[in-house]
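An overview of the molecular structure
Here's the letter readout for the chains.
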Amino acid sequence: MDFRLYGITGERFHPGRDLVEVMEEAIQGGVDILQLRDKTGSKRKVLEKARRLRELTRRYGIPFIVNDHLDIALVVDADGVHLGQDDLPLPEARKILGPDKIIGISTHTIQEARQAEQEGADYIGVGPVFPTDTKSDVVDPVTTAYVRAVAEEIRIPFVAIGGIKLHNVDEVLRAGATRICAVSEIVGSSDVKGTCRQFLQKIEQARETS
Ligand code: 3NM
């Protein structure tokens, strides 16, 4: 599994615009893995969104990840789940999902990153690199120093996240990130596709020179 630009839903950043329409533009701009993240909706509502995004991601042939809800991930045949440090622990999630599903986990310290790698995570999130209002229970920014530490030591794929914008992504790439996730900068943009293209261009450039 490889990816470059990880897209996550953030409906409050595009009021009045349909979820699938916005995420389709993001995919057309270069998002190559998509996560449904909905911390407020009822199970039924999240399931409905998951069904629609499963159909969309199938159409474009990219992996579909569900945040936290293992049951919904299984019901819609998502490619995997993304877990936080307070969600179901990785070994238990693996028991439920089996060996073939993707399991990603958010990490905020090198110890958490090592543990995720040992427990068989398929990828880790590394963040929040910068301050962000998108996630409510967020820890203090881990800074690019943590990105650098993970790039040097951790062998599974990692995606940098949190407060990443077009104006500061170069700093994150210079610290060794080769996969980027941005939520508000992408889904809140008046030009979702163009914003993704610009992110992707920067990521590709950094990969070529590294
Ligand atoms: N996870 P934005 S930061 C969903 O650090 C999420 O694990 C984070 O949104 C983590 O790009 C974050 O708008 C929010 O800052 C990212």
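About the cut-offs
Residues numbered from 1 in each chain as written. Predicted model: local features only at pLDDT ≥ 70, side-chain atom pairs only at ≥ 80, totals over all residues. Heavy atoms only, no water. Near = heavy atom within 4 Å. Polar contact = N/O pair within 3.5 Å; in protein donor to acceptor, adjacent residues only side chain to side chain. Axes fitted to C-alpha atoms, helices over the stretch in contact; angles between N-to-C directions. Helix = DSSP H or I, 4+ residues; strand = E, 2+ residues; numbered from the N terminus. Left-handed = near helix turned anticlockwise from the far one by under 90°. Contact = heavy atoms within 4.5 Å. Nonpolar A, V, L, I, M, F, W, Y, C, P; charged D, E, K, R; others polar. Salt bridge = Lys/Arg side-chain N within 4 Å of Asp/Glu carboxyl O. Buried < 20%, exposed > 50% of the residue type's maximum accessible area, 1.4 Å probe, protein only.

On to the site of the ligand, then. Near the ligand, the surroundings consist of 14 residues, among which Thr132, Thr134, Gly163, Val183 and Ser184 are the closest. Separating an oxygen atom of the ligand from a side-chain N or O atom of Thr134 is a distance of 2.5 Å. The separation between an oxygen atom of the ligand and a polar main-chain atom of Val183 is 2.8 Å.

The N-to-C vectors of helix α5 (residues 110-118) and helix α6 (residues 143-153) enclose an angle of 35 degrees; their axes lie 10 Å apart at closest approach. Where α5 crosses over α6, the two elements pack in a sense that is right-handed. In this structure, α5 uses Ile110, Ala113 and Arg114 to contact α6, whose residues at the interface are Tyr146, Ala149, Val150 and Glu153. Residues that form the contact of α5 with α6 fall into these classes: five nonpolar, no polar and two charged.

The subject of this paragraph is the pattern of salt bridges. Opposite charge on two side chains permits them to pair, given that their charged atoms come into close proximity. Counted according to the given criterion, the structure contains 17 salt bridges. We note a salt bridge from Arg54 to Asp79, for which the minimum N-O separation is 3.1 Å. Here Asp79 lies in the loop between α3 (70-75) and β4 (80-83) and Arg54 lies in helix α2 (residues 43-60), a separation of 25 residues in the sequence. Residue Asp79 is classed as partly exposed on the basis of its relative accessible area of 26%.

What follows covers unusual backbone geometry. The peptide bond linking Gly127 to Pro128 adopts the cis configuration, its omega dihedral lying at 0 degrees. One can find Pro128 in the loop between β6 (123-126) and α6. You will see that Asp77, though not glycine, has its phi angle at about 60 degrees, which is positive. Locating Asp77 in the fold gives a position in the loop between α3 and β4. One non-glycine residue, Thr143, lies in positive phi territory at about 65 degrees.

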